[in-house]
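Examining the three-dimensional arrangement
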Amino acid sequence: MKLLTRYVIREHAGPLVFALSALTSLLMLQYVARQLANLAGKGLPWSAIGKFFVLSLPFTIAMTLPMAVLVATLYAFGRMAAEHEITAFKASGVRVRSLMAPVLVCALLLSLFMVWFNDQLLPRTNHALRILNNDIAKTKPTLALKEQVMNPITDQFFMRVARVDARTNRMYDVTIYDLRKGPERQTIYADSGVFLLDAKGEDLQLQLMDGHAQEFVRADPRRLQRSFFRTQTVQLRGIIRQFEATAEDNYRGDREQTVCQLHRTYMENAREFTRLRNAYIDQASRAASKGSKTLTVSRDRPPKEVLSTFYCETLLGGFSTMLLPKKAKAQSAQPPVQPPPVQQPPAPAPVPTPVPPAVVEQPGLERSAAAVAADSVARADSAARADSAARADSAARAAAAAAAAAAAVPAATLAGTDTVSVYATAMRAAQQQLLAQREVVDGLAVEIHKKFALSFACLVFVLFGPPIALRFPRGGVGVTIGVSIVVFGLYYICLMGGEALADKGRLPAFIAMWIANVIFSLVGIALLWRVENTTDTSRGGGLRDWLADRRARKQLARALKAPAVPA
């Protein structure tokens, strides 16, 4: 490795580590602040809390690493330009693109690492984090009743108490709203009561005294049934629950699947989308009247995504073929050695079995019992075969008649039924199914391309960062942070906007997810070409110097265009 290459990479390493740590810490603090309400007061073990923080890191790093690359590139090239190192390099015959070459190679390697990170590690941690969040949400370590407010014991059981004695767990002026029975919702009023836990500490028992219950009747919602009681017990199961880690959960969402899993899911849903699309076109053509305009239908989706097909079937399939041992060829089995044949004596000729003559029924002659039985069996068999053949023939005729009737439905009405409205209803149902399936297919395609687009954002920002840093070399850290926020904000606006358009079917997924990378790459290449064609890379300071330079250039251009005044 050349000295210049080591120097340029070393200039980027420190700012990259610092920016990654700072940005990841800021986003982690924001995420933890949003989740603090779900974590506080749960009595979680320290292992669960530590696991929560560890599993929250990968998806945060997936967002902050491209930002850190942009910050490091802006800072490193801006510092070298401010100290006139870029000018010295150009004076020595080293162009800017030569200085960018090692950074581009490192960015390419980092992008390939992010492809593996977003494909393998991130889905597994997202899956484990979702399971952990569900386990935390189910945890209910204590039951604390607040006075004079509505206490949601469950999502269908609410209780209000006027006063609670913490020493005896006795409640006064109790009102309970029980919605567990649906339409037969119940309201209970009690003068006092006591809440207790069972021996396991999981189920809650409410012992109410001196009150009445009001309940709606299912058969007649206008009727209200009221019953009075001296003592009544209400039991709620599973109110208190300690933290329990789920052993296994086979369900995986879109962001919890690898690229190859998304690829297989996409192919299955694409086939279903094609089937529903053809069914919708068929129903629409039947419901459309003569002379009507052509109906619009969603564009067809490809049976396979090209990018995931190349990655899973070509790239990973080729690597697995090279790494796995070759299969041994099956050896042809040698025929066993046969012993010499043993001479057997000739077998005697078979004796022909005499066939009894057919019994001919003649009038006036009586037949034997065996002959009569044989004749009856033969007749029964022939009758059964004839009956089955007749049934099959009638079934075939009925099926043909039904098919003809189904084909004739668009042309006439059967039993007073409006076939046009029937086909219109079927068309609307097929349209709803088609739209739902289209959202599923587009969502899977978006997730596939997003994994690769975010990974290669590191390479895009290395192309975009140095020209900006060289254009404002004396801006310092303020310009670095400001430009980074603006650029990354615009990039994510393009990315999220493209994702929204792709989810709605307005744009193909590969265009929506890669348009931001293409735009920023083209702008970076154009700015780099302009920087390469300037004679001085440290002529300006910040934005103020750039505006002053623009005004001076315009004044010089006006002065050159003005006619010369004769002396």
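These figures come from a predicted structure and were not determined experimentally. (Residues numbered from 1 in each chain as written. Predicted model: local features only at pLDDT ≥ 70, side-chain atom pairs only at ≥ 80, totals over all residues. Heavy atoms only, no water.)

**Examining helix α2 (residues 46-82)**
Most pronounced at isoleucine 61, the bend in α2 amounts to some 40 degrees. Positive backbone phi, at 65 degrees, marks histidine 84, one or two positions downstream of α2. (Bend = angle between axes of the 7 residues up to and from the residue. Helix = DSSP H or I, 4+ residues; strand = E, 2+ residues; numbered from the N terminus.)

**Points about the confidence of the model for the chain**
Averaged over the chain, the pLDDT score is 77; the fraction of residues at 70 or greater is 73%. Per-element mean pLDDT across the chain ranges from 43 in helix α7 (residues 369-407) up to 91 in strand β3 (residues 170-178). Per-residue pLDDT stays below 50 along residues 347-392; that stretch engages in 5 contacts with residues further than four places along the chain or on separate chains. A low-confidence stretch, residues 398-417 stays under pLDDT 50, and its non-local contacts, those more than four residues away or across chains, total 8 contacts. (pLDDT = per-residue confidence, 0-100. Contact = heavy atoms within 4.5 Å.)

**What to know about the pairing of strand β2 (residues 157-165)**
Across 4 bridges, strand β1 (residues 150-154) lies against β2 in antiparallel orientation. Within β2, the position partnered with threonine 154 by the bridge is phenylalanine 157. In textbook terms, the turn of a hairpin is the stretch between consecutive antiparallel strands, and for β1 and β2 this stretch comprises 2 residues. In terms of strand pairing, β2 meets β3 through 8 bridges, oriented antiparallel. Looking at β3, one finds that aspartate 165 is bridged to arginine 170. Count of turn residues in the β2/β3 antiparallel hairpin: 4 residues, of which asparagine 169 carries a positive phi of about 60 degrees. (Pairing = 2+ DSSP bridges.)

**A closer look at unusual backbone geometry**
In the Ramachandran plot, histidine 84 falls in the positive-phi region, its phi being about 65 degrees despite a non-glycine side chain. Looking at the secondary structure, you find histidine 84 in the loop between α2 and α3 (85-91).

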